[in-house]
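The residues making up each chain are set out below.
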Amino acid sequence: MKLNERGLLVVMSGPSGVGKGTIRKALFRIPDNNFTYSVSMTTRKPRPGEVDGVDYFFVSRSEFEANIRAGRLLEYAEFVGEYYGTPLSFIEQKLSEGKEVIIEIEVQGALQVREKMPDAVFVFIVPPSKKALEERLISRGTEDAKIIQQRLEKAEREYNLAYKYDYIVVNDDVGNAADRIYAIIRAEHAKTERSIQKYTKLMEGKE
Ligand code: 5GP
């Protein structure tokens, strides 16, 4: 018996350096998961080791703006001087195939998704402490001091919008954080408003 056919869109946000990418990788290691990651488009330069089409679609500003004009992005935002956006068609296709689609985006973009896809689930990831976040950003060593400072200031503003999310998950330990998000996804599928119509049909013998 399969009650939910359409997949769930899971929007993950949280300050830069909080470990969203690591949590996502832990989620994908959960056996028999049905997750798909939506690769974003950005104008920022690749970090060492990042691969085009895997970590991001790295594009020029003019290419990005052409995608905006063509309506090919579900949402987009500027973050510390660079554009970031979510390609729309991939998400639509995967959700209709019944996949759980995970997107990792900053707060302004998440608020746009809230407007356009209100049945998505919004999870805000926080560090165990402010100090832990600073240390992570510095030890990652991928940004220079000025950018780190800008990202920390941005983190302060992002915390102020955390109340707009459905769930807050502390990244005290990557495995724990991934487990909590997995539990959230399972619980969301069981929510009455997501499953009542389908269930009613089943009980009436129509499916
Ligand atoms: P980073 O440069 O560290 O990879 O990403 C910077 C910020 O942009 C992070 O908060 C990340 O979640 C966010 N981001 C990544 N992709 C997207 C996207 O498609 N849209 C929006 N709005 N933010 C994104």
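These figures come from a predicted structure and were not determined experimentally.

Our next topic: the sheet that holds strand 5 (residues 73-79). Sheet architecture is open: four strands sit in the order 4-3-6-5, paired in mixed fashion. Across the chains shown, the open sheet's two edge strands, defined by having one partner strand only, are strand 4 (56-58) and strand 5. Here the average twist between neighbouring strands, direction ignored, is 25 degrees. Across six bridges, strand 5 lies against strand 6 (residues 82-87) in antiparallel orientation. When the bridges of strand 6 are listed, A77 appears paired with Y84. Against the sheet, helix 2 (residues 61-69) makes contact with strand 3 (40-42), strand 5 and strand 6, and its axis sits at roughly 40 degrees relative to strand 6, the strand it touches most. Across the face of the sheet, helix 3 (residues 88-96) comes into contact with strand 5 and strand 6 while running at roughly 30 degrees to strand 6.

If you check the shell around the ligand, you find 16 residues, and the closest are S40, R44, Y56, Y84 and E106. In this structure, an oxygen atom belonging to the ligand sits 2.8 Å away from a side-chain N or O atom of R151. Computed on the free molecule, the ligand has an accessible area of 510 Å², of which 95% lies beneath the protein chains in the complex. With respect to the pocket detection grid, the ligand is positioned in the largest pocket. Sorting the residues of the shell around the ligand by element identifies strand 5 and strand 6 as the ones contributing at least two each. A breakdown of the residues in the shell around the ligand according to their chemical character gives five nonpolar, four polar and seven charged.

Cut-offs and rules
Residues numbered from 1 in each chain as written. Predicted model: local features only at pLDDT ≥ 70, side-chain atom pairs only at ≥ 80, totals over all residues. Heavy atoms only, no water. Pairing = 2+ DSSP bridges. Helix = DSSP H or I, 4+ residues; strand = E, 2+ residues; numbered from the N terminus. Axes fitted to C-alpha atoms, helices over the stretch in contact; angles between N-to-C directions. Contact = heavy atoms within 4.5 Å. Near = heavy atom within 4 Å. Polar contact = N/O pair within 3.5 Å; in protein donor to acceptor, adjacent residues only side chain to side chain. Areas by Shrake-Rupley, 256 points an atom, 1.4 Å probe, with all protein chains shown as cover. 1 Å grid on protein atoms, 1.4 Å probe; cavity = no way out; pocket = protein on both sides within 12 Å on 5 of 7 lines; lining within 4 Å. Sits in = over half its atoms within 2 Å of the grid points. Nonpolar A, V, L, I, M, F, W, Y, C, P; charged D, E, K, R; others polar.

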